[in-house]
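What the coordinates show
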Amino acid sequence: MNVKPWIAVVAAGLASAATAQDNNTLNIDGEPMMTEAVAPAHMENVDTIYSGWRFRSNETQALETDDFDNPAFVFVDQGIDLFDKVDGTEGEACSSCHENVEDFAGLRTQLPRVQDGELVAMEDLVNDCRTERMGAEPWKWSGGQMTAVTALIGLQSRGLPMDVAIDGDAAPFWEAGKELYYTRVGQLDMSCSNCHEDNYGVMIRADHLSQGQINGFPTYRLKNAKLNSIHGRFKGCMKNIRATPFAEGGDEFKALELYLASRGQGLSVETPSVRN
Amino acid sequence: MASGVKPRVKVPKTAAAGETITIKTLISHKMESGQRKDDDGNVIPRSIINRFTADFNGQNVIDVTLEPAISTNPYFQFEATVPESGEFTFTWYDDDGDVYDTSKKIEVA
């Protein structure tokens, strides 16, 4: 008779391990965010997708609900200054052409996208403008200036659902990204899916594994107190599994970025988000 | 002038008379402690915000001395009682002599 309740407790424990994301709802300065959505049709093994916000502690979650408390806005402020700053031989700033940064609303949701047969990410667009139109040096992919400006541009799309194109020209890139996602690499012989698909919600040492969604990037991480680019995060993951990371801004990471973006279709852009 | 210094404050736009309101302030500043050395072994000179004040209609509300151990982008949150409509003025004093200030109006209904 004493055995039964004990079994029930164990079963409840297992059930909660499989759904470690909480039920909190995210409102940023009163604006509701979609942190949960029905998984897009191409995802065979997942029914519901969750923003990484849902896997964080209450304290970390609270930081994102108020733009004043969100430490990423220090960098967004720097981005505003950089956007207006004249640089390079042509005497132009970003704002010389893009007069109103708010015109970028929606851009974050569609990137990366195919342009002239190549897959381009937001960092590529920024650096193209810098080298082609401004006559300036390109910024480092995950450098402070780049992430500040991509955060500012991404912020304009906050609240809009992720919506990347994966058919037509983008299909081969998307396939390549999917291939990477499921390929085991490194000394630990792990693929992205081993953690972020098979085991999301489970503790990995002291931390909850998320689904690895990229709807909040660039993201402010408490561990390094700065904005982190998508490719920088990929690099961190690959180092953790003791693999040799691909190059930031390289074809592999851009393809993976496209595939991951497509796994988050329907989640609100949360740029700039706060994570641990 | 230290680069990239930008003060930010959050004060409610309206309040009831005598109500206690929460004020949040943050200034982006690198807060160089003066303890670190550069690649050549030379001490990087101290460059911090050394004082922060808040005034309401000319009357001082808070006056803080900051020390080198305070980390980058110092953040202050405090409460204040507002007796009447008026204006908060926030002032930060930099080691290099710069003074940054910003003000926010509050309406008491």
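In this text the structure is predicted, and so the values were computed from the model without any measurement. (Residues numbered from 1 in each chain as written. Chains lettered and ligands numbered in written order. Predicted model: local features only at pLDDT ≥ 70, side-chain atom pairs only at ≥ 80, totals over all residues.)

**Re the overall build of chain A**
Just so we agree on the cut-off: For the purposes of this entry, the term helix denotes a DSSP run of H or I that reaches at least four residues, the term strand denotes a run of E that reaches at least two, and both are numbered from the N terminus. Throughout, radius of gyration means the C-alpha value; the globule benchmark is 2.2 Å times the number of residues raised to the power 0.38. Residues with at least 20 neighbouring C-beta atoms inside 10 Å of their own are called buried, those with 12 or fewer are called exposed, and the rest are partly exposed, where every C-beta is derived from the backbone. By the criterion used throughout, residues are in contact when their C-beta atoms, derived from the backbone, lie within 7 Å.
Across its full length, chain A carries 11 helices and 11 strands. For chain A, the C-alpha radius of gyration of 20 Å lies close to 19 Å, the compact-globule estimate for 276 residues. With respect to the principal axes defined by its C-alpha atoms, chain A has extents near 80 × 40 × 30 Å. Here chain A holds 276 residues, and the buried ones make up 36% of them. A sequence separation of at least 24 residues applies to 74% of the contacts in chain A between residues at least 6 apart.

**Quick look at the interface of chain A and chain B**
A common way to report how large an interface is uses the accessible area buried once the components associate. Inclusion rule: Here the nonpolar group is Ala, Val, Leu, Ile, Met, Phe, Trp, Tyr, Cys and Pro; Asp, Glu, Lys and Arg are the charged ones; every other residue, Gly included, is treated as polar.
Across the boundary between the two partners, chain A contributes four residues, which contact seven residues of chain B. Each residue belonging to the side of chain A that touches chain B can be placed in one class, and the counts come to two nonpolar, one polar and one charged.

**Examining the domain arrangement of chain A**
Residue and element names in this part refer to chain A. Inclusion rule: An automatic or database domain assignment supplies the start and end points of every domain.
Assigned domains within chain A: domain 1 (21–70 + 161–275) and domain 2 (72–155). Counting residues at the interface gives 28 residues for domain 1 and 22 residues for domain 2. Those elements that provide at least two residues to the side of domain 1 that touches domain 2 are strand E10 (226–228), helix H10 (230–240) and helix H11 (251–263). Per-element tally for the side of domain 1 that touches domain 2: the top contributor is H11, with five residues. Per-class residue counts for the side of domain 1 that touches domain 2 are 15 nonpolar, six polar and seven charged.

**A look at the sheet that holds E10 of chain A**
Residues and elements named next belong to chain A. Test applied: A pair of strands is considered paired only if DSSP assigns at least 2 bridges between the two.
An order of E10-E9-E11 is seen for the three strands of this open sheet, with the pairing classed as mixed. This sheet does not close on itself; its edge strands, each paired only once, are E10 and strand E11 (274–275). Where strand E9 (residues 219–221) lies against E11, two bridges are found, and the strand directions are parallel. Across the sheet, Arg221 pairs through a bridge with Arg275, a residue of E11.

**What to know about the confidence of the model for chain B**
Threshold: The pLDDT score gives, residue by residue, the confidence of the prediction method on a 0 to 100 scale.
Averaged over chain B, the pLDDT score is 89; the fraction of residues at 70 or greater is 97%. Interface scoring of the predicted complex returns ipTM 0.72; its pTM is 0.83.

**Observations concerning helix H8 (residues 171–181) of chain A**
Residues and elements named next belong to chain A. Quick reminder of the rule: Working definition: the arc comes from the directions between the helix axis and the C-beta atoms, pointing outward to the latter.
Of all the positions in H8, only Phe173, Trp174, Gly177 and Lys178 are classed as buried. Along H8, the residues classed as buried sweep out an arc of 140° about the axis, all on the same side. Away from its buried face, by an angle of more than 90 degrees, H8 presents the exposed residues Ala171 and Pro172. Looking at the buried side of H8, the elements it contacts are strand E5 (113–115), strand E6 (118–120) and H11.

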